[in-house]
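Structural overview
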Amino acid sequence: MSDTSAPTQRTARVAAELAACLPALYRALDRRIARDFPHPKPPEGQLMLLRHVAQHEGCTVREAAEALLMKPNNVSALVSQMTEQGMLERRQDRADKRVAHLHLTETSRRRLAQVRALEQTHLTEALAALTDGELDALGSATGALVSLARHLHTAPAATR
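Not measured: the values here are computed from a predicted model.

1. Here we look at the confidence of the model for the protein chain
In the predicted model, the protein chain carries a mean pLDDT of 91, and 94% of its residues have values of at least 70. When pLDDT is averaged over each element of the protein chain, strand β2 (residues 100-104) comes out on top at 96 and helix α6 (residues 132-154) at the bottom at 91.

2. Description of the packing of helix α1 (residues 5-36) against helix α5 (residues 106-128)
It is at 10 Å that the axes of α1 and α5 come closest, and there the two elements cross at 125°. Classified by the angle their axes make, α1 and α5 are oblique. α5 is crossed by α1, and the crossing has right-handed handedness. Contacts between α1 and α5 pair L29, R32, I33, R35 and D36 from the former with V115, L118, E119, H122, L123 and E125 from the latter. The class makeup of the residues in the contact of α1 with α5 is 5 nonpolar, 1 polar and 5 charged.

3. Observations regarding the side chain of S108
If you trace the backbone, S108 turns up in helix α5. Taking relative accessible area as the criterion, S108 reaches 5% and is therefore assigned buried. Among the polar contacts listed, one links the side chain of S108 to the backbone oxygen of M87, at a separation of 2.6 Å. Discounting chain neighbours no more than four positions away, the residues touching S108 are L50, G86 and M87.

4. Regarding the nonpolar core
L49, L50, V53, V75, V79, M82 and L88 are the most contacted members of the largest nonpolar core, which has 17 residues in total. Of all the secondary-structure elements, those providing two or more residues to this core are α2 (44-55), α3 (61-68), α4 (72-84) and β2. Excluding its chain neighbours within four sequence positions, the residues that come into contact with L49 are A64, L68, V75, L78, V79, M82 and L88. Ranked by size, the runner-up nonpolar core spans 5 residues in total, among them I33, F37, V115 and L118.

5. Quick notes on the packing of α3 against α4
A packed helix pair is summarised by two numbers, namely the angle formed by the two axes and the spacing between the axes. α4 packs onto α3 with a crossing angle of 115° between their chain directions and a minimal axis gap of 9 Å. Helix-helix and strand crossings are classified by hand; for α3 and α4 the assignment is right-handed. Facing α3, whose interface residues are V61, R62, A64 and A65, α4 presents P72, V75, S76 and V79. Partitioned by chemical class, the residues of the contact of α3 with α4 number 6 nonpolar, 1 polar and 1 charged.

Rules of the game
- Residues numbered from 1 in each chain as written.
- Predicted model: local features only at pLDDT ≥ 70, side-chain atom pairs only at ≥ 80, totals over all residues.
- Heavy atoms only, no water.
- pLDDT = per-residue confidence, 0-100.
- Helix = DSSP H or I, 4+ residues; strand = E, 2+ residues; numbered from the N terminus.
- Axes fitted to C-alpha atoms, helices over the stretch in contact; angles between N-to-C directions.
- Parallel < 35°, antiparallel > 145°, perpendicular 65-115°, else oblique.
- Left-handed = near helix turned anticlockwise from the far one by under 90°.
- Contact = heavy atoms within 4.5 Å.
- Nonpolar A, V, L, I, M, F, W, Y, C, P; charged D, E, K, R; others polar.
- Buried < 20%, exposed > 50% of the residue type's maximum accessible area, 1.4 Å probe, protein only.
- Polar contact = N/O pair within 3.5 Å; in protein donor to acceptor, adjacent residues only side chain to side chain.
- Core = buried A, V, L, I, M, F, W, Y, C linked by side-chain atoms within 4.5 Å.

Written out as C-alpha cells, the structure reads:
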C-alpha cells in the first residue's frame, strides 16, 4: 500500500459515513419536531428561506437565492406563496423601487422560535444519552463540520 492510498481511503470512508449519517440525523430530528410542533410543517424550501431571512433580515430575493443555492425565480415563487400565507413580508427599497427586502412576520418569528426550542430540547436529550467520550468527540467535530459546510457551499458548481 502506498503512502497516499491510506489517507485517500480514510477520506473516502469519512465521506461515506458523513453522507449516510447526516441525512439520517436530519430526518430523525425533523420527525421529532414535526411530531411535537403544533402547526402544519412548511415544506423544506420554505423553512430554509425562513431561516435565512431570520438570520439576514432585509435580504433581497437574489441574496437569498445565492445563499440557499437556489434559482432566483424559484425563491421568488416561494416568497410569493409565503407572502400570501402571511409568513413573509416584502418591503420596497427606498432607493430602488424594483427591489424588495424580505422580513419575517410575527407569526413566522414565533414559529421559528418554537422550532428552535424543539430542536434544542431533542438534541439535548439525545446528547445526554451519549458517553463523555462521544460528547467530547462531537464537540470537537462541530467546528470541522461548520468548515466543511462552508467549503461545500462555496465550492464552484460542476459544469454539466
